[in-house]
Amino acid sequence: QVQLVESGGGLVQAGGSLRLSCAASVRIFSSYTMGWFRQAPGKQRELVATITDIGIRNYEDSVKGRFTISSNNAKNTVSVQMNSLKPEDTAVYYCNLKTPVRDYWGQGTQVTVSS
């Protein structure tokens, strides 16, 4: 059973920065994609950024140029550096691991950006 352990998040003023990190509890040997999704109150969960095991990155349009995703394949970890944060980035952020077999989700971590 794979567990995703998230860290980071919190409260920051607009224009500030936060870093979210996520570690898988076991080594993943198949091809996979890790990344972050977010869900604001009353809205659907949406993709923020993902990275494949071969380093292909994908970003949601509103975070391009502000967020940077990185990973460590040997440790099965993924992080996202979030700069120039805006109040509209406020949401619960979820770590995701997608394998050929199934998806795994973290518990979620709150990010709140005050104006």
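Higher on the page you've got the structure.
Note that the coordinates shown come from a computational prediction; the quantities given were computed from them, not determined experimentally.

Chemist: Explanation requested: the pattern of salt bridges in the structure shown.
Modeler: When the charged atoms of two side chains lie near each other, side chains of opposite charge can form a pair. Scanning the model with the defined rule gives six salt bridges in all. Close ionic contact of Glu46 with Arg38 constitutes a salt bridge, the shortest N to O distance being 2.7 Å. Judged by its relative accessible area of 32%, Glu46 falls in the partly exposed class. Assessed through its relative accessible area of 6%, Arg38 is described here as buried. Its salt-bridge partner being Lys98, residue Asp103 comes within 3.0 Å of it at the nearest N-O pair. Taking the relative accessible area as the measure of exposure, Asp103 reaches 29% and is therefore partly exposed. On the accessibility criterion, Lys98 (39% relative accessible area) is partly exposed. Through salt bridges that share partners, Arg38, Glu46, Glu60, Arg66 and Asp89 make up one connected network.

Chemist: Is there a simple way to explain unusual backbone geometry in this structure?
Modeler: Positioned with a positive phi, Asn76 is a non-glycine residue whose angle comes to about 55°. Here Asn76 is to be found in the loop between strand 7 (67-72) and strand 8 (77-82). Classification of Asn76 as buried rests on a relative accessible area of 1%. One non-glycine residue, Ser84, adopts positive backbone phi at about 50°. As for its position among the elements, Ser84 is in the loop between strand 8 and strand 9 (91-98). For Ser84, a relative accessible area of 40% gives the class partly exposed.

Chemist: Mind showing me how you'd approach the nonpolar core here?
Modeler: Side chains that are nonpolar tend, in soluble globular proteins, to be buried together. Counting 29 residues, the largest nonpolar core has Leu4, Trp36, Met82 and Tyr93 as the members making the most contacts within it. The set of elements that each furnish at least two residues to this core consists of strand 3 (18-24), strand 4 (33-39), strand 5 (46-52), strand 7, strand 8, strand 9 and strand 11 (109-114). Setting aside residues no more than four positions away along its own chain, Leu4 makes contact with Cys22, Ala23, Ala24, Met34, Cys95, Asn96, Leu97, Tyr104, Trp105 and Gly106.

Chemist: Please explain the packing of aromatic side chains as it appears in this structure.
Modeler: What characterises a pair of aromatic rings is the spacing of the ring centres plus the angle enclosed by the ring planes. Enumeration according to the criterion identifies one aromatic pair in this entry. Plain terms: the ring middles of Phe37 and Trp105 are 5.1 Å apart, the flat faces sit at 70° to each other, and that makes the pair edge-to-face. With Phe37 in strand 4 and Trp105 in strand 10 (residues 103-105), this pair connects stretches of sequence that are 68 residues apart. Of the residues examined, Trp105 reaches a relative accessible area of 36% and is grouped as partly exposed. Above the face of the Tyr94 ring, Arg45 is positioned so that its terminal group lies 3.7 Å from the ring centre. Stacked on the ring of Trp105, the Lys or Arg Arg45 has its end atom at 4.6 Å from the ring centre.

Conventions used here
Residues numbered from 1 in each chain as written. Predicted model: local features only at pLDDT ≥ 70, side-chain atom pairs only at ≥ 80, totals over all residues. Heavy atoms only, no water. Salt bridge = Lys/Arg side-chain N within 4 Å of Asp/Glu carboxyl O. Buried < 20%, exposed > 50% of the residue type's maximum accessible area, 1.4 Å probe, protein only. Helix = DSSP H or I, 4+ residues; strand = E, 2+ residues; numbered from the N terminus. Core = buried A, V, L, I, M, F, W, Y, C linked by side-chain atoms within 4.5 Å. Contact = heavy atoms within 4.5 Å. Phe/Tyr/Trp six-rings, centres within 6.5 Å; stacked < 30°, edge-to-face > 60°. Lys NZ or Arg CZ within 6 Å of the ring centre and 35° of its normal.

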